[in-house]
Amino acid sequence: SEWMLAAFTSSFFAGCLLGGLLGGFLLDAFGRLPVVLYGSLVHTIAVVLSAAAPTSTVYCGLRFVAGALSIAVIQANFVLAVEWAPDAWRASMGGFCFSCSAIGEFMLVPLALALSGWRSLTLATGLAGVVPVLLVKLFMHESPRWLASKGRGEEAAALLAKAAFANGAERLGQELL
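All values reported here derive from a predicted model rather than from experimental measurement. Every residue gets a number counted from 1 within its own chain, in the order that chain's sequence is written. Whole-chain, interface and lining totals are the exception, using all residues; otherwise, since this is a predicted model, local features are given only for residues with pLDDT of at least 70 and side-chain atom pairs are given and counted only at 80 or more. Heavy atoms throughout the structure, all of them, feed into the side-chain values; hydrogens and water do not.

Secondary structure summary: the chain contains 8 helices and 0 strands in total. Strands are runs of DSSP state E lasting at least 2 residues, helices are runs of H or I lasting at least 4, and numbering of each runs from the N terminus. When the helices and strands of the chain are read in sequence order from the N terminus, they spell out α-α-α-α-α-α-α-α. With the C-alpha coordinates aligned to their principal axes, the bounding extent of the chain is approximately 60 × 30 × 25 Å. Within the chain, buried positions represent 31% of all 177 residues. By definition in these notes, contact holds between two residues if any of their heavy atoms fall within 4.5 Å. The long-range share in the chain, meaning contacts at least 24 apart out of those at least 6 apart in sequence, stands at 68%. By element, 72% of the accessible surface of the chain is carried by carbon and sulfur atoms, the whole surface being about 11,000 Å². We score Asp and Glu as negative and Lys and Arg as positive, and we do not count His or the chain ends. All charge positions are set by atom: Lys at NZ, Arg at CZ, Asp at CG, Glu at CD. Counting 10 positive and 10 negative side-chain charges, the chain places the centres of these two groups 5 Å from one another. Accessibility here uses a 1.4 Å probe with only protein chains present; expressed as a share of the type maximum, an area under 20% marks a residue as buried, one over 50% as exposed, and anything in between as partly exposed. Where accessible areas are quoted, they stem from the Shrake-Rupley method and a 1.4 Å probe; at the residue level, only the protein chains shown are allowed to cover.

Moving on: the pattern of salt bridges. Each reported salt bridge corresponds to a side-chain nitrogen of Lys or Arg within 4 Å of a carboxyl oxygen of Asp or Glu. As enumerated under the stated definition, the model contains 4 salt bridges in all. Two residues, Asp 28 and Arg 32, come together in a salt bridge whose shortest N-O distance is 3.3 Å. Between Glu 155 and Arg 152 there is a salt bridge, with the nearest N and O atoms lying 2.8 Å from each other. Residue class for Glu 155 comes out partly exposed when judged on its relative accessible area of 39%. Members of the salt-bridge network, linked through shared partners, are Asp 28, Arg 32 and Glu 83.

In this section: the packing of aromatic side chains. Side-chain rings of Phe, Tyr and Trp, where Trp is taken by its six-membered ring, are said to pair if the distance between their centres is within 6.5 Å; with planes under 30 degrees apart they count as stacked, over 60 as edge-to-face, and otherwise as tilted. Overall, the coordinates contain 3 aromatic pairs when judged by the stated rule. Judged by centre distance (5.3 Å) and plane angle (85°), the rings of Phe 12 and Phe 13 are edge-to-face. Members of the aromatic cluster, each reached through a chain of ring pairs, are Phe 8, Tyr 59 and Trp 118.

Before going further, it helps to spend a moment on the environment of Asp 28. The topology assignment puts Asp 28 in helix α1 (residues 2–30). Sequence separation between Asp 28 and Gly 117 is 89 residues, and the spatial gap between their C-alpha atoms is 40 Å. With residues up to four places along the chain from it excluded, the contact list for Asp 28 reads Trp 146 and Lys 150. Contacts described as polar in this section are N or O atom pairs within 3.5 Å, which, within protein, must combine one atom able to donate a hydrogen with one able to accept it, while residues neighboring in sequence count only if both atoms come from side chains. For Asp 28, the side chain forms a polar contact with the side chain of Arg 32, separated by 3.3 Å.

Attention shifts here to the side chain of Thr 44. Topologically, Thr 44 is positioned in helix α2 (residues 32–51). A relative accessible area of 8% means that Thr 44 is categorised as buried. Excluding residues within four positions of it along the chain, Thr 44 makes contact with Gly 126, Gly 129, Val 130 and Val 133.

This part covers the side chain of Ser 143. Tracing the chain through its elements places Ser 143 in the loop between α6 (130–139) and α7 (144–149). On the basis of relative accessibility, which here comes to 0%, the residue Ser 143 falls in the buried class. Ignoring anything within four residues of it in the chain, the contact list for Ser 143 reads Arg 32, Leu 80, Glu 83 and Trp 84.

Each residue after the first adds 1.5 Å to the expected span of a helix. With 14 residues, helix α8 (residues 153–166) should cover 20 Å at 1.5 Å per step; its first-to-last C-alpha distance of 20 Å lies within 8% of that length. What α8 keeps buried is the set Ala 156, Ala 157, Leu 159, Leu 160 and Ala 164. End-on view of α8: buried residues confined to an arc of 165°, all on one side of the axis. Facing away from the buried side of α8 by over 90 degrees, the exposed positions are Glu 154, Lys 162, Phe 165 and Ala 166. Each element contacted by the buried residues of α8 is listed here: α3 (56–84) and α7. Gly 168, located one to two residues past α8, shows a positive phi value of around 90°. Regarding the arc, it is the one traced by the directions from the helix axis to the C-beta atoms.

Written out as structure tokens, the structure reads:
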């Protein structure tokens, strides 16, 4: 019915509100990378479980969790990408991060046409979340800026040196820290 559809949508966006309010605190307390990695993992689990939710109340609860983590992960991705990007690329990198959501929305249309029923669509979109979790685990590093702000300057310097070497620089100046 209409009220149930409204409740499902509202529960997701109520979660987004909470994730938006708490995301910054999580990023500063635990780091950008753990929020992306574990937030994406729990988001994926919540979406997959929502495909098998036995009641509308359980479904709403899982959608709330998915909404909260969705926004927290988006914030973390944005901050992490912008903090790693060179000054000249920061605005473009920020825009790219937000365009990924639009790309996902475009991909949802053919997927919805190919699958029958909301449960199979929800399951497919949830399982698709495994890919970013693996990519983050394999290729992303914590923000050197965050590491330095937490007194972990040596780790930050090591990451910056590794990035500088990968980009062809012979040495890394301390002024970057």
